[in-house]
Amino acid sequence: MIRSPLNRLSIGYELTLADRLFRLGARPPVVCSLCHIGKKTAIRLYKTILQQSPKQGLLPYDAYWIVRSSGNNSHASIFLGLIDDFSEQQSQTDFNTEAFITAYELYCQVVANNLRPSKQEASAPQSVLLNINRAWQLAGQLNAKEMALVICDKCHARYVVLSSMPKPFQQCPICDVWADKTGRRRWTTVNTRPHD
Ligand SMILES: [Zn+2]
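Residues numbered from 1 in each chain as written. Predicted model: local features only at pLDDT ≥ 70, side-chain atom pairs only at ≥ 80, totals over all residues. Heavy atoms only, no water.

Peer 1: Kindly report on the nonpolar core, identifying the contributing residues and their values.
Peer 2: Judged by nonpolar contacts, the single largest core of 43 residues is most densely connected at Leu21, Phe79, Phe100 and Tyr107. Contacts of Tyr107, omitting those with residues within four sequence positions, involve His75, Ile78, Phe79, Leu82, Val128, Leu129 and Leu130. (Core = buried A, V, L, I, M, F, W, Y, C linked by side-chain atoms within 4.5 Å. Buried < 20%, exposed > 50% of the residue type's maximum accessible area, 1.4 Å probe, protein only. Contact = heavy atoms within 4.5 Å.)

Peer 1: So, the domain arrangement of the protein chain: which residues are in play, and what are the values?
Peer 2: If you check the domain split of the protein chain, you get domain 1 (8-50) and domain 2 (65-187). Look at where the C-alpha atoms of domain 1 and domain 2 centre, and you get two points 25 Å apart. Every contact between the two is made by eleven residues of domain 1 and, on the other side, eleven residues of domain 2. Here domain 1 meets domain 2 over a buried area of about 1100 Å², counting both sides, of which 67% is carbon and sulfur. In terms of surface lost to domain 2, no three residues of domain 1 exceed Arg20, Leu24 and Leu34, which account for 51% of the buried area on that side. (Domains from an automatic or database assignment. Buried area = accessible area lost by both parts, 1.4 Å probe.)

Peer 1: Give me the packing of aromatic side chains: which residues, what numbers.
Peer 2: For the structure on display, the rule yields five aromatic pairs. Considering the side-chain rings of Phe79 and Tyr104, the 6.1 Å spacing of their centres and the 75 degrees angle between planes classify their relative orientation as edge-to-face. Taken as a pair, Phe79 in helix H5 (residues 70-89) and Tyr104 in helix H6 (residues 97-112) lie far apart in primary sequence, 25 residues in all. As far as burial versus exposure is concerned, Phe79 and Tyr104 are alike and both buried. On the numbers, 5.7 Å between centres and 45 degrees between planes, the contact of Tyr104 with Tyr107 is tilted. With a gap of three residues between them, Tyr104 and Tyr107 both fall in helix H6, about one helical turn apart. (Phe/Tyr/Trp six-rings, centres within 6.5 Å; stacked < 30°, edge-to-face > 60°. Helix = DSSP H or I, 4+ residues; strand = E, 2+ residues; numbered from the N terminus.)

Peer 1: Tell me what's going on with the coordination of the zinc ion, and back it up with residues and numbers.
Peer 2: On the protein side, the zinc ion has Cys152 (SG), Cys155 (SG), Cys172 (SG) and Cys175 (SG) as donor atoms, found 2.3 to 2.4 Å from it. Its four donor atoms give the zinc ion angles of 105 to 115 degrees at the centre, a pattern that matches the tetrahedral case. One chain supplies every donor for the zinc ion, spaced along it as C-x2-C-x16-C-x2-C. (Donors = N, O, S within 2.8 Å, 3.2 Å for Na, K, Ca; no water. Tetrahedral: all angles 85-135°; square planar, octahedral: opposite > 155°, others 65-115°.)

Peer 1: With reference to specific residues and values, describe the pairing of strand S1 (residues 147-151).
Peer 2: Two faces, one strand: in a regular strand the side chains alternate between the faces of the sheet. Here S1 pairs with strand S2 (residues 158-162) via five bridges, running antiparallel. Of the residues in S2, the one forming a bridge with Ala148 is Val161. Following S1, the chain reverses through six residues before pairing antiparallel with S2; His156 in that reversal takes a positive phi of roughly 65 degrees. (Pairing = 2+ DSSP bridges.)

Peer 1: I'd love a proper account of H5, names of residues and values included.
Peer 2: For H5, spanning 20 residues, the distance from its first C-alpha to its last is 28 Å, which sits close to the expected 28 Å at 1.5 Å a residue. Of all 20 residues making up H5, 14 are buried, and the element is well covered by its neighbours. (Expected span 1.5 Å × (residues − 1).)

Written out as structure tokens, the structure reads:
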């Protein structure tokens, strides 16, 4: 994105956004992409705020994360639903960093208030299955139309699907699941039930 040289005010603003992102667990490449600061500044800021060096190497990436489990899917759906709501309210096509941060903070609040967490959720701190770096990747996938939000015919929940998947595999994380003996929730397409 081309911008006029940043004045002091906007540099301060970008650094405030970067600070919020780092405190939410963002890694420097994500912060560089969302704020207009360079790699060196991002790393210096990271060390100052978190008192440690950032992890090296590429960010882990899994294009199929949302279909790995219904838990992943419902968490991604909450977050991307918020992103979608915010982008509808803004008449701009630009990725809005503030909206991204707010959506992620709201997502964390929503999932932390789950009174009946699943096994998968109970094993994660504050029941957060979606870390902010992955959230950034998912928002990019939604933006690129690799993913879409659809409404379930049965329960009317809004959930996220991979656009390239055939319809039977675009399953609702609430309706199209069953629990195995251990209480793990599985997609109905992963049908290993002995009898039913
Ligand atoms: Zn449903």
